[in-house]
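Here's the letter readout for the chains.
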Amino acid sequence: MSQVKFTDAISRVLFDAMTRDEKTLLFGLGVADPKRVFGTTNGLLEAFGPERVFDTPTSENGMTGIAIGAATMGYRPVMVHQRLDFFLLAMDQLVNNAAKWHYMFGGQGNVPLTLRLLLGRGWGQGPTHSQNLQSWFAHVPGLRVVMPSTVENAYGLLWSSIFDPNPVVFLEHRWLHNQEGRLPEPGTAVPIGKAAIMREGSDVTLVSMSYMVLEALKAAEFLKSFGISAEVVDLRTIAPLDWQTVTASVRKTGRMIAIDTSTAEFSVTSEILAHVAQNHFSSLKAAPIKMGSPHAPVPTSVGLSEGFYPGAAEIAAASFKVLGISKVPNLESLRPERHDVPGAWFTGPF
């Protein structure tokens, strides 16, 4: 395995999938422009030509309908939307057509469609460019929803998504794009519906997804210096959700904090808390905690957005709370220098 950036893993798995199956198509706004969707589609137009890799009009609903039609005819379209927010124009196609096709036709048809929807926050993106709506998609029967947090998972989950017979919503956080990791061998799959233990622990379970897994790991390392052993669970897949891994961890630690990238109310973490409380109440030593942003539109102002999103400091504070520790140490070392960017490399606007 070689070390690459998250963006390189995305472009490489697309190359490998299109090489394996000539009916794999790639299209969407920006896939063939000079920036190639932040570098995630580099080299693909040159390798496979404009018949398989092409830009589209700004007609999200219509083009998603074309993608669904192609999928029903045996193709494996990968459609890219540079913002999850832009894709909302095509929710009708996804929910009323793609998600229900297999069921309505008695299992005689499939829609092997992969939707790459980019999400994120910061740099003044504001209410209409910063939404994390994975709970919407997870609520719809017939859809698979995945949210990778590492380079290896970005490759393996996208490979599994492309070759899955069902429509898959692949939610890709742009703050992960500069992360580095090992590039798996061509064709390496990560199973959809299987969570991963990113760090083992015995005192508290931190369950999260996508970019917030990095914040959970940062908090876990901080907690270690105070003798607290935190187990970090990366969901990787939101639908179907790996209840076995989550509940096994909770039974081991007896305490749980579920951290969402979206608003805390009516979220994926709300469902996790409900499931654990309903089915594994006797395993809990303390009331579980869910974390996310406030139930309000995302502020555009840098001043207003400070404190809007939880991070490693808030996760550590919640961990002390669930452990019944009232004297909390100074958490300022966990706070980033700038809350609205993941690092100096991030220059926006997208």
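Residues numbered from 1 in each chain as written. Predicted model: local features only at pLDDT ≥ 70, side-chain atom pairs only at ≥ 80, totals over all residues. Heavy atoms only, no water.

Student: Kindly report on the sheet that holds strand β13 (residues 256-263), identifying the contributing residues and their values.
Tutor: Hydrogen bonds between backbone groups are what pair the strands of a sheet, and the pairing can be parallel or antiparallel. The five strands lie next to each other as β9-β11-β10-β13-β14, forming an open sheet whose pairing is mixed. For this open sheet the edge positions go to β9 (196-199) and β14 (289-293), each flanked by a neighbour on one side alone. For this sheet, the mean inter-axis angle between neighbouring strands, taken without regard to orientation, is 25°. One ladder, built from three bridges, connects β9 with strand β11 (residues 230-234); its direction is antiparallel. When the bridges of β11 are listed, R199 appears paired with V232. Of the strands in this sheet, β10 (204-208), β13 and β14 are in contact with helix α12 (residues 268-279), which crosses β13 at around 155°. (Pairing = 2+ DSSP bridges. Helix = DSSP H or I, 4+ residues; strand = E, 2+ residues; numbered from the N terminus. Axes fitted to C-alpha atoms, helices over the stretch in contact; angles between N-to-C directions. Contact = heavy atoms within 4.5 Å.)

Student: Outline the packing of helix α1 (residues 6-20) against helix α9 (residues 151-162), supporting the account with residue identities and numerical values.
Tutor: It is at 9 Å that the axes of α1 and α9 come closest, and there the two elements cross at 30°. As summarised for this structure, α1 and α9 are arranged roughly parallel, according to the angle between their axes. Here α1 and α9 pass one another in a crossing that is right-handed. Side by side, α1 and α9 meet where F6, A9, I10, R12, V13, L14, D16, A17 and R20 of the first sit next to V151, A154, Y155, L158, W159 and I162 of the second. (Parallel < 35°, antiparallel > 145°, perpendicular 65-115°, else oblique. Left-handed = near helix turned anticlockwise from the far one by under 90°.)

Student: Summarise the pairing of β13; cite the residues concerned and give the values.
Tutor: Of all eight residues that make up β13, seven are buried, and the element is covered over most of its length. Pairing analysis gives four bridges linking β13 to β14, with the strands arranged parallel. Bridging from a neighbouring strand, T263 pairs with S293 of β14. In this fold, β13 hands off to α12, which returns the chain to β14; that crossover is right-handed. (Buried < 20%, exposed > 50% of the residue type's maximum accessible area, 1.4 Å probe, protein only. Right-handed = clockwise from strand over helix to strand, strands pointing away.)

Student: Which residues make up the sheet that holds strand β4 (residues 76-81), and what values go with them?
Tutor: With mixed pairing, seven strands are arranged side by side in an open sheet as β3-β2-β4-β5-β7-β6-β12. One side of each edge strand has no neighbouring strand; the edge strands of this open sheet are β3 (53-54) and β12 (237-239). Here strand β2 (residues 24-28) runs beside β3; their pairing, made up of two bridges, is parallel. Bridge pairing in β3 places L26 opposite V53.

Student: Summarise a nonpolar patch on the surface; cite the residues concerned and give the values.
Tutor: On the surface, Y103, M104 and F105 cluster together into a nonpolar patch covering about 410 Å² of accessible area. With a relative accessible area of 73%, Y103 lands in the exposed category. (Patch = residues over 30% accessible without salt bridge, like charges linked within 9 Å, V, L, I, M, F, W, Y side chains within 5 Å. Areas by Shrake-Rupley, 256 points an atom, 1.4 Å probe, with all protein chains shown as cover. Salt bridge = Lys/Arg side-chain N within 4 Å of Asp/Glu carboxyl O.)

Student: Please set out the pattern of salt bridges residue by residue, giving values where relevant.
Tutor: One pass over the structure, following the stated rule, counts twelve salt bridges. Among the salt bridges present, the one from R76 reaches D21, with a minimum N-O distance of 3.2 Å. Highlighted residues: R76 in strand β4 and D21 in the loop between α1 and β2, separated in sequence by 55 residues. Accessibility expressed as a relative area gives 19% for D21, which makes it buried. Two residues, E46 and R36, come together in a salt bridge whose shortest N-O distance is 2.8 Å. A residue pair is termed long-range when its members are at least 10 positions apart, and E46 in helix α3 (residues 44-48) and R36 in helix α2 (residues 36-39) qualify at ten residues. Because the salt bridges share partners, they merge into one network encompassing E314, E332 and R335.

Student: Tell me about the nonpolar core, and please be specific about residues and values.
Tutor: In terms of nonpolar packing, the biggest core is built from 61 residues, with L14, L26, L206, I257, I259 and I315 touching the most fellow members. Look past the residues within four positions of I259 in its chain and what remains in contact with it is L206, V207, S208, M209, M212, A216, T269, M291 and I315. Membership of the second largest hydrophobic core comes to 45 residues, among which are L25, A71, A90 and M256. (Core = buried A, V, L, I, M, F, W, Y, C linked by side-chain atoms within 4.5 Å.)

Student: An account of the pairing of β4 is needed here, citing residue identities and associated values.
Tutor: In terms of burial, β4 is largely enclosed, as five of its six residues are buried. Relative to β4, β2 runs parallel, the two sharing five bridges. Note on β4: the bridge partner recorded for T24 is R76. Judged from the four bridges that link them, β4 and strand β5 (residues 114-119) form a sheet pairing that is parallel. In the sheet register, H81 faces β5, and the bridge partner there is L117.

Student: Lay out the environment of A296 in plain terms, naming residues and giving numbers.
Tutor: Within the element layout of this structure, A296 appears in the loop between β14 and α13 (302-305). The class of A296 is partly exposed, set by a relative accessible area of 38%. Each C-alpha atom, one on A296 and one on S282, is 34 Å from the other, the two residues being 14 residues apart in sequence.

Student: Account for the side chain of R116, with residues named and values stated.
Tutor: With respect to the element layout, R116 can be found in strand β5. Polar side-chain contacts of R116 include one of 2.9 Å to the side chain of T40. A polar contact is formed between the side chain of R116 and the side chain of E172, at a distance of 2.8 Å. Apart from the residues lying within four places of it in its own chain, the contact partners of R116 are I10, L14, V37, T40, T41, V78, M79, V80, H81, L158, F170 and E172. (Polar contact = N/O pair within 3.5 Å; in protein donor to acceptor, adjacent residues only side chain to side chain.)

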